[in-house]
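Structural features, examined
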Amino acid sequence: REIDMGLTLNSNSLTLEAAGGGGGGAAAGLSEADVNTLIKAKTDWTLISSIDAAGSDVIDFENVFDSTYSTYKIEGDNLKGGNWIYVRVRSSNGLETSGYSTSGYYGRSSTNGYRNTQGSSYWFITPIEATMDHTKTFNMILSALGSGDKTVMRFHYGGGTSTFDPAFNIAGGMINNTRETTGIQVRNHSGSFTSGSVKLYGLN
């Protein structure tokens, strides 16, 4: 036996009528350009905070990591001034000053990449090839932030030099403790930043 549910779908069923049209004040529909703009703007990352770096040698994000996101990204954008950049995390024990380890490759376009394995009191972002006052950019992604885990990270760095010879650094690393990671600090080793910002994102 056939049952007629009384449902009819036609070519106009999914059309939003523009305000002021025959529907008398119905919500305006999205144009093709609007839809394309929304698609291009979509990202899995949510901007949590942005700090202007100009005039500072330390950028501090305190108590920003929680269960809202499982993965976080710290991004240095258009940074100038100083030379080396390094990163430390904050934990339930305060600023961690030991137990950092990285392994990766660094160099310049004019040289071969060099392998670098390092244990230190911080994660070193800029390679020795970085030069004073030239633009620097980096992003670092951190996971395993909860108590009982050893926080891990990976990062990419790119920077200009006084000649047409850009520098790079690509590495992964971890910290050798299982305390909860609650924040992160970006420090300029040799003076203040003169421009740029540092941004914090969470992964949906």
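The present account deals with the structure reproduced in this document. For every chain, the first residue of the written sequence is number 1, and numbering continues from 1 along that sequence. Two thresholds apply to this predicted model, a pLDDT of at least 70 for residue-level local features and 80 or more for giving and counting side-chain atom pairs, whereas whole-chain, interface and lining totals are computed over all residues. As a rule here, side-chain values cover all heavy atoms of the structure and leave hydrogens and water aside.

Thoughts on the packing of aromatic side chains
Aromatic ring pairs: the centre-centre distance and the angle between the two ring planes describe each pair. Here is the rule we go by: Classification of ring pairs rests on two measures: the distance between centres of Phe, Tyr or Trp rings, Trp counted by its six-membered ring, which must be within 6.5 Å, and the angle between planes, read as stacked under 30 degrees, edge-to-face over 60 and tilted in between. The secondary structure listing takes helices from DSSP runs of H or I that are at least 4 residues long and strands from runs of E that are at least 2 residues long, numbered from the N terminus. Classification of residues uses two cut-offs on accessible area relative to the type maximum, computed with a 1.4 Å probe and protein chains only: under 20% is buried, over 50% is exposed, and between them is partly exposed.
Under the counting rule described, the total for this entry stands at seven aromatic pairs. The interplanar angle of 85 degrees and the centroid separation of 5.1 Å between the aromatic rings of tyrosine 100 and tryptophan 123 together place this pair among those described as edge-to-face. Of the two residues, tyrosine 100 is situated in strand β6 (residues 100–108) and tryptophan 123 in strand β8 (residues 123–124); the sequence distance between them amounts to 23 residues. For tryptophan 123, a relative accessible area of 0% gives the class buried. The structure contains a cluster of three or more aromatic residues connected by ring pairs, namely Trp84, Tyr86, Tyr122 and Phe124.

Observations regarding the pairing of strand β9 (residues 136–143)
For clarity, the threshold we go by: Strand pairing is assigned whenever DSSP identifies at least 2 bridges connecting the two strands.
As judged from the six bridges shared by strand β3 (residues 72–80) and β9, these two strands associate in the antiparallel manner. When the sheet's bridge partners are listed, glutamate 75 is paired in β9 with asparagine 139.

Details of the side chain of lysine 73
Threshold: By definition in these notes, contact holds between two residues if any of their heavy atoms fall within 4.5 Å.
With respect to the secondary-structure elements, lysine 73 resides in strand β3. Beyond its immediate chain neighbours, meaning those up to four positions away, lysine 73 contacts Trp45, Asn139, Met140, Ile141, Lys199, Leu200 and Tyr201.

Thoughts on the environment of valine 64
Mapped onto the elements, valine 64 comes out in the loop between β2 (58–61) and β3. Residues valine 64 and leucine 200 lie 136 residues apart in sequence; the distance between their C-alpha atoms is 9.0 Å.

So, empty space enclosed by the protein
Definition in use: Cavities and pockets are defined on a 1 Å grid built over the protein atoms alone: a cavity is a set of grid points where a 1.4 Å probe fits but cannot escape, while a pocket is an open set with protein on both sides within 12 Å along at least five of seven lines, and lining residues are those with an atom within 4 Å of any such point. Grid points are joined across faces, edges and corners, and a volume is the space filled by probe spheres set on the points. Each residue is assigned to one class: nonpolar for Ala, Val, Leu, Ile, Met, Phe, Trp, Tyr, Cys and Pro, charged for Asp, Glu, Lys and Arg, and polar for all the others, Gly among them.
Summed over the entire model, instances satisfying the criterion amount to one cavity of 30 Å³ or more. If you add up the space inside the largest cavity, you get close to 50 Å³. If you trace the largest cavity, you find it lined by Thr102, Gly104, Tyr105, Asn116, Gln118, Phe124, Phe155, Asn169, Ile170 and Ala171. When residues of the lining of the largest cavity are traced back to their parent elements, those giving at least two are β6, β7 (114–120) and β11 (167–175). When its residues are assigned to classes, the lining of the largest cavity shows five nonpolar, five polar and no charged.

Points about the nonpolar core
Rules: By nonpolar core is meant a set of buried Ala, Val, Leu, Ile, Met, Phe, Trp, Tyr and Cys residues that side-chain atoms within 4.5 Å join together.
Of all hydrophobic cores here, the largest spans 29 residues; its most connected members are Ile74, Trp123, Met140, Leu142 and Ile184. Counting only elements with at least two residues in this core, the list comes to β2, β3, β4 (85–91), β9, β10 (152–159), β11, β12 (181–188) and β13 (195–203). Apart from the residues lying within four places of it in its own chain, the contact partners of methionine 140 are Tyr72, Lys73, Ile74, Val87, Trp123, Ile125, Met153, Arg154, Phe155 and Ile184.

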